[in-house]
Amino acid sequence: MQMLTKFESKSNRVKGIAFHPKRPWILASLHNGCIQLWDYRMGTLLERFDEHDGPVRGIAFHPTQSLFVSGGDDYKIKVWNYKTRKCLFTLNGHLDYVRTVFFHHEYPWILSASDDQTIRIWNWQSRNCIAILTGHNHYVMCAQFHPKEDLVVSASLDQTVRVWDISGLRKKNAAPSSVSFEDSLHRSTTTQADIFGSTDAIVKYVLEGHDRGVNWATFHPSLPLIVSAGDDRQIKLWRMNDNKAWEVDTCRGHFNNVSAALFHPRQELIISDAEDKTIRVWDMTKRTLVQTFRREHDRFWVLTAHPELNLFAAGHDNGLIVFKLERERPAYSVHQDNLYYVKEKYLRVFDFSNGSDVSVLSTRKISGQYVQPRALSYNPAERAIIITTPTDGGSFDLFNLPKEFNGEPREASGDGKRGTGNSAIFIARNRFAVLDKTRQQIEIRDLSNTTTKSLKPPASVNEIFNAGSSNLLLLSTQNSVILYDIQQRQTIAEINTPPVKYVVWSSDHNQVALLSKHTITVANKAFEQSCVIHETIRIKSGAWDDAGIFVYSTLNHIKYALPQGDNGTIRTLDQPVYLTKVKGKNVHCLDRDGKTRVISIDPTEYRFKLSLIKRNYDEVLQIIRTSNLVGQAIIAYLQKKGYPEIALHFVRDDKTRFDLALECGNIEVALETAKSMDREDCWNKLGAEALRQGNHQVVEMAYQRVKNFERLSFLYLVTGNVEKMKKMLKIAELRNDNMSRFHNSLFLGDVEERVRLLKEVGQLPLAYLTAHTHGLTEEAETILTAAGLTSEDIIDLPSNGQLLKPLTPIIKQVDSNWPLLTVSRSFFDSAFNAADNNQFAAPLSLGAGEDIEEIGGDWGGDEDLGFTGDAVKEEQRDTDVVEEGSGWDIDADLNAQLDPEIIQELANGAQSEFIPPTSGTNESELWIQNSPLAADHVAAGSFETAMQLLNRQVGAVNFQPLKELFLKTFQSTRAYLSCNVSLPPLTYHIRRNPEETETRRVLPIISNVFQNIVSTQLQEVYKTTTQGKFQEATIQFRNILHSILLIAVSKKSEVDEVQQLIDVCREYILGLTMEQTRRNFPLDNPENTKRALELAAYFTHCRLQPAHLILSLRSAMKLSFQAKNCLTASLFARRLLELAPAPQVATQARQIQSISDKTPRDEITLDYDQYNPFVVCGSSYTPIYKGSPSVECPYCHASYLPKYKNKLCSVCEISQIGINSTGLKVHV
């Protein structure tokens, strides 16, 4: 047995101590009158309470309320609230020192013992004394409630221990109930309490046996036993029943007065402390001394046990000590899905997969009754274990486990092999290493426990740990950990760290965590340090998860550590646990009772941070969209790591959003939040950032909000806004701001205003000089006359002056901004802005019922590889398109002016002449006049003007593919009503805005509905692509491109969506055409193989939807692998794995990557550089790298080599490559 010190304080003599039942707090009452509140986990002093006059001897926490009570030599009992940190009230009544105070576990009572020879019970709610227990004839040193029954035990210097029955007091103070007449009559006639006490508490037993005064007495928590300690240096054990109490035995061994004694809450032990400077542990059944713990200079005065935990505390002359008597950490070892651990003297095996937990081996004979195993090492090859215990200075036992774990656990005796050593671990299938710390020697032994090799470590070693190899050991010294080669007997590597207590390897043995008391050091397999994590409270255990994140536990938290050193809290703990395995959202652990537990955690935060570190932005987006990450910590982390645009996504507080928006240059969000806050400092910051970017319109608004007139005037000067400068001049005049008036008149070149201002302020010389210099002779003469002077009096005028005339602005940027500074938009800006309204995305994964292995068609299969596959999610990016302006409407304005003139002419005409009614304007002609859209012209039947519009807008030259669309659009805008047989049917024109009465705005209905194309046609062609019908899908995508030419959208926001749809079709047509071309190549010669590999590689750079991108990457990876282009295959596999694929594809990719990385070379050199941005020529299917000359299709924006200029685009088959165009119009 050993004393494990958990906390120690230095202070004046401690006379009373008390544990908080839930929090890691301990109260210490001192001889100098101070009360201290300590956090024994953190080792910090939380509060001091100084209201007692003289020593404070009694202290106690309330079991449930935020209260504690103290009693001192000032005869006072004080009740405190530790939340408000104030004394609530004082109970007065004792006539001498108060020795102890305790709360009742159920009733609102306080029990106090005093040197006035009485014991008092107080109701702390009514603040009255409800009972006085008299009978002792000397100081009462201690009085305590029974934990369950209505009993009180007291100890006095009159050499007796008394047991009091307080059931009468409980009945008297119980809740009111119905009382019979006889009971009430009996109570009224009962004699009242005398002046010394009451009949509610009576003496049940008087225990005599001590030869001197008794200092302490307490009940057993569950048995009818009492232990007492006295100045006769003896500890006595008493037993009681309903009728009597008697002495059982006496424990002798202390050399001075015994201050306190108590029962161990969990074991059959008695613990005592005394003025002989020792704490002693006694066997309660044998009444023999088990262990003695001695201090050199400190007498002990008080002892207490934690009400729930396995902790004790003792107060001495110079402070207090919090300690344990046994190691609570279970000895355990993890191998794959099994946990081997020792609980209650049995070796047990827990299966993580199915939750089974069976006893395998009895370990009762391995160590003593009160000694717990310290460590366990498991050998899976030989099914053997080594259990290390601190018995006899350190020993180990080697056992073979039974093959089957069914039935009763086997006894360990018989085949056990024992030896001496402080650490023992398996290092190979048939060898283990043992450290003898005393001799500083490491022995290598075989399974028969025979020493095969001995070696001297290079430094003084405290522990040895497994290093993942049969020839290597980790040696923990006082200030480092050494990676030691036991074959060559030399140090391979060394990491400086505080003394390491535990070592945790990842499942693949590529990373290791070295756990010290307050430090975690992470290193790789070569023992190169990655990071160091510091904690203020003790680190207890840790385990690696599958993603390479180290999850560890402290005394009160489960935390995580990322590979580069960032760490954070996952959840809090009520009690410490020891982590054994991290699996998804569950943490498997052992508690201090040796029970296996599963704790649910939320791994979102650390997976989010890991994805950021690895730049796996698609997974970051997925986590943001599917989780609820909030809090200042995550926002601060994102800012620190340079991702303010992501932090902006989480924040709702206006001030924080404003600061983040400025940091990432998002003027729109900053303007929005500045408007809501409307604070001067925010407008100033916004103005500065907007000016930096060149957005002078926002600058103007910011200056206006803060009334910064001087800067506004200068802004209007540099933008050439003369009208607003005149307004600023007027405002300055109204404000009586002469300097501002002068500046504005100077900016405007208004000489008269300057002269007028100078005259008003009495600056006549300057006014005269200004007027004379600028040729205002009459005004100059007037000024001279007013001053009583003539021109002859002015003799000293400067001769080389120049006129102060501002330059005339050539470009007046009044309604438009300056060219804006390019603010880099990250992947996340685009994703956040586009994803909310993106209608063109194919499903992020295959639909329900679709298995990636069942996809057929041209995608092909994996029969020739024998691997399995997976699908992944990737966020699609959208391209912003600037909307072109509308038509001029010149003819419409002319008609509006002519109509009144025609009406007037008709009104003035000859009334006698018959004037036939004029025919109205044809509906089709109205449509042509009202719209610049090709679709509306086609609907009106004007195919010629429609083709001219398409030629100007998108460079269309081939209208053959559009013939069917033209006819369909035209026919769908008319309805026909049959009349008489001999007459043609009546034609009705169908409008898309039938409620419109203004003829200038009527427009035809269009059969090609944009939303229908997106929701129906696009999804169908996605499905066709997934099925591998590439030729059919190419035709369908091209049909969508043709249909877009003849659509009309009603909202401005849909214009961008139309351009996005064009981009989607272009990418798919180009990619699918390349893939079909590749499949037509016979792989019968190296040249064809090279070309096929290049086309497959180019296909993976088309911006496809996630499900299709996965398929293209798999196809390219497989083809490269078959052609022994291992380097390229590995690159494709890595790209595939970066998309966080599902198991089957991930397994296939890892297999190919693993094989390829062993021979990282390409048999065939390709014209392909994935690190240099490129686009693919739509005709030659060759890469056009960034910076190389190229031409574009004006409609679909497909790129081509310059030699294809003026040829027909092979993607859309409509437009001429490389000609200028105004851009497609789809909105009026």
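Residues numbered from 1 in each chain as written. Predicted model: local features only at pLDDT ≥ 70, side-chain atom pairs only at ≥ 80, totals over all residues. Heavy atoms only, no water.

Asker: Would you take a moment to explain the overall build of the protein chain for this structure?
Answerer: Helices and strands together make up the secondary structure of the protein chain, namely 29 helices and 62 strands. Looking at the protein chain residue by residue over its 1228 residues, the buried ones come to 51%. For the protein chain, long-range pairs separated by at least 24 residues make up 51% of all intrachain contacts whose partners lie at least 6 apart in sequence. Of the roughly 58900 Å² of accessible surface on the protein chain, 48% is carried by carbon and sulfur atoms. (Helix = DSSP H or I, 4+ residues; strand = E, 2+ residues; numbered from the N terminus. Buried < 20%, exposed > 50% of the residue type's maximum accessible area, 1.4 Å probe, protein only. Contact = heavy atoms within 4.5 Å. Areas by Shrake-Rupley, 256 points an atom, 1.4 Å probe, with all protein chains shown as cover.)

Asker: Would you take a moment to explain the packing of helix 14 (residues 751-760) against helix 15 (residues 764-773) for this structure?
Answerer: Packed helices, taken two at a time, are described by their axes: the angle between them and the distance between them. Close contact between helix 14 and helix 15 brings their axes to 8 Å; oriented N to C, the two are set at 165°. Comparing their axes, helix 15 and helix 14 come out roughly antiparallel. The handedness of the crossing between helix 14 and helix 15 comes out as left-handed. Residue-level contacts link Val 751, Arg 754, Val 755, Leu 758 and Lys 759 of helix 14 to Leu 764, Leu 766, Ala 767, Thr 770 and Ala 771 of helix 15. Partitioned by chemical class, the residues of the contact of helix 14 with helix 15 number 7 nonpolar, 1 polar and 2 charged. (Axes fitted to C-alpha atoms, helices over the stretch in contact; angles between N-to-C directions. Parallel < 35°, antiparallel > 145°, perpendicular 65-115°, else oblique. Left-handed = near helix turned anticlockwise from the far one by under 90°. Nonpolar A, V, L, I, M, F, W, Y, C, P; charged D, E, K, R; others polar.)

Asker: I keep staring at unusual backbone geometry and nothing clicks. Help me out?
Answerer: When glycine is set aside, most residues are seen to have a negative phi, and most peptide bonds are trans. In the Ramachandran plot, Phe 527 falls in the positive-phi region, its phi being about 65° despite a non-glycine side chain. Among the structural elements, Phe 527 can be located in the loop between strand 48 (519-524) and strand 49 (529-534). The buried category is assigned to Phe 527, whose relative accessible area is 4%. You will see that His 1197, though not glycine, has its phi angle at about 65°, which is positive. Mapped onto the elements, His 1197 comes out in the loop between strand 61 (1191-1192) and strand 62 (1199-1200). You can call His 1197 partly exposed: its relative accessible area is 30%.

Asker: I tried to follow the sheet that holds strand 21 (residues 245-252) on my own but got confused; where do I start?
Answerer: In a beta sheet, neighbouring strands are held together by backbone hydrogen bonds and run either parallel or antiparallel to one another. Read across the open sheet, the 4 strands follow the order 18-19-20-21; overall the sheet is antiparallel. Strand pairing shows two members of the sheet lacking a second neighbour, strand 18 (214-219) and strand 21, which therefore form its edges. Each adjacent strand pair in this sheet contributes to an overall mean axis angle of 20°, direction not counted. As paired elements, strand 19 (residues 225-230) and strand 20 (residues 234-240) share 5 bridges and run antiparallel to each other. Following the sheet pairing, Leu 225 is matched in strand 20 by Arg 239. (Pairing = 2+ DSSP bridges.)

Asker: What is the right way to read the UniProt feature "repeat: WD" (unreviewed entry) in the protein chain from this model?
Answerer: The feature "repeat: WD" (unreviewed entry), as annotated in UniProt, sits at residues 7-48, 49-90, 91-132, 133-167, 207-248 and 251-292 in this numbering. Secondary structure content for residues 133-167 is 3% helix and 57% strand, while the C-alpha to C-alpha distance between its ends is 13 Å. (UniProt positions renumbered as here; feature names shortened; annotations may be inferred.)

Asker: What exactly am I supposed to notice about the sheet that holds strand 2 (residues 14-19) here?
Answerer: If you walk across this open sheet you meet the 4 strands as 2-3-4-5, and the pairing is antiparallel. A single partner strand is all that each edge strand has here, and the edge strands are strand 2 and strand 5 (44-49). Averaged over all pairs of adjacent strands, the angle between strand axes in this sheet comes to 20°, irrespective of strand direction. Examined bridge by bridge, strand 3 (residues 25-30) and strand 4 (residues 35-39) share 5 bridges and lie antiparallel to one another. Directly across from Ser 29, in strand 4, lies its bridge partner Ile 35.

Asker: How do you make sense of the environment of Trp 80 when you look at a structure like this?
Answerer: Locating Trp 80 in the fold gives a position in strand 8 (residues 76-81). Trp 80 sits 12 residues away from Phe 68 along the chain, and the two C-alpha atoms are 5.3 Å apart. With residues up to four places along the chain from it excluded, the contact list for Trp 80 reads Ile 35, Phe 49, Glu 51, His 52, Ser 66, Leu 67, Phe 68, Ser 70, Lys 86, Cys 87 and Leu 88. Side-chain polar atoms of Trp 80 contact the side chain of Ser 70, separated by 2.9 Å. (Polar contact = N/O pair within 3.5 Å; in protein donor to acceptor, adjacent residues only side chain to side chain.)

Asker: What am I meant to see in the pairing of strand 45 (residues 490-496) here?
Answerer: Regular strands have side chains that alternate between both faces of the sheet. Bridge analysis of strand 44 (residues 480-485) against strand 45 gives 6 bridges, and the strand direction is antiparallel. Paired with Ile 482 across the two strands is Glu 494, which belongs to strand 45. Hairpin remark: strand 44 followed by strand 45, antiparallel, with 4 residues in the connecting loop; positive phi at Arg 489, about 55°.

Asker: What is the right way to look at the confidence of the model for the protein chain in this model?
Answerer: Low-confidence regions, as indicated by low pLDDT, have predicted coordinates that should not be scrutinised in detail. The predicted model of the protein chain has a mean per-residue pLDDT of 82, with 84% of residues at 70 or higher. For the stretch residues 176-197, pLDDT sits under 50, and the model shows 5 contacts to residues farther than four places along the chain or on other chains. Segment residues 866-914 is flagged for pLDDT under 50; beyond a separation of four residues in sequence, or across chains, it makes 76 contacts in the model. (pLDDT = per-residue confidence, 0-100.)

Asker: Explain the pattern of salt bridges to me, please; I cannot follow it from the model alone.
Answerer: Pairing between side chains becomes possible if they bear opposite charge and their charged atoms approach one another. Going through the model one piece at a time under the given rule, you end up with 46 salt bridges. In this structure, Asp 593 and Arg 266 form a salt bridge, with 3.5 Å as the shortest nitrogen-oxygen distance. Note that Asp 593 is positioned in the loop between strand 55 (586-590) and strand 56 (596-600) and Arg 266 in the loop between strand 22 (258-263) and strand 23 (269-274), a separation of 327 residues in sequence. Given the relative accessible area of 43%, Asp 593 is considered partly exposed. (Salt bridge = Lys/Arg side-chain N within 4 Å of Asp/Glu carboxyl O.)

Asker: Which parts of the structure should I look at to understand the packing of aromatic side chains?
Answerer: Given two aromatic rings, one states the distance between the centres and the angle between the planes to describe the pair. Under the criterion given, the structure shown has 29 aromatic pairs. Ring plane angle 65° and centroid distance 6.4 Å describe the contact between Tyr 1022 and Phe 1037, whose orientation is recorded as edge-to-face. With Tyr 1022 in helix 23 (residues 1010-1026) and Phe 1037 in helix 24 (residues 1030-1044), the pair connects residues that are 15 residues apart, well separated along the chain. The interplanar angle of 85° and the centroid separation of 6.3 Å between the aromatic rings of Tyr 1168 and Phe 1174 together place this pair among those described as edge-to-face. Given the relative accessible area of 15%, Phe 1174 is considered buried. Members of the aromatic cluster, connected to one another through ring pairs, are Trp 25, Phe 49, Phe 61, Phe 68, Trp 80 and Tyr 82. (Phe/Tyr/Trp six-rings, centres within 6.5 Å; stacked < 30°, edge-to-face > 60°.)

Asker: So what exactly am I meant to see when it comes to the nonpolar core here?
Answerer: A general tendency of soluble globular proteins is for nonpolar side chains to be buried together. Leu 950, Phe 1037, Leu 1061, Tyr 1195, Cys 1196, Tyr 1200 and Cys 1209 are the most contacted members of the largest nonpolar core, which has 90 residues in total. When residues in this core are grouped by element, the largest group, 11 residues, is from helix 25 (residues 1053-1079). When neighbours within four sequence positions are excluded, Leu 950 is seen to be in contact with Ala 934, Gly 955, Ala 956, Phe 959, Leu 962, Phe 966, Leu 1045 and Leu 1224. (Core = buried A, V, L, I, M, F, W, Y, C linked by side-chain atoms within 4.5 Å.)

Asker: Can you help me understand helix 15 in this one?
Answerer: In an α-helix there are 3.6 residues to a turn, and that puts residues three or four apart on one side. The complete set of buried residues in helix 15 reads Ala 767, Tyr 768, Thr 770 and Ala 771. Burial along helix 15 is one-sided: seen end-on, the buried residues are contained in an arc of 165°. Each element contacted by the buried residues of helix 15 is listed here: helix 14 and helix 16 (777-786). Positive backbone phi, at 80°, marks Gly 775, one or two positions downstream of helix 15. (Arc of directions from axis to C-beta.)

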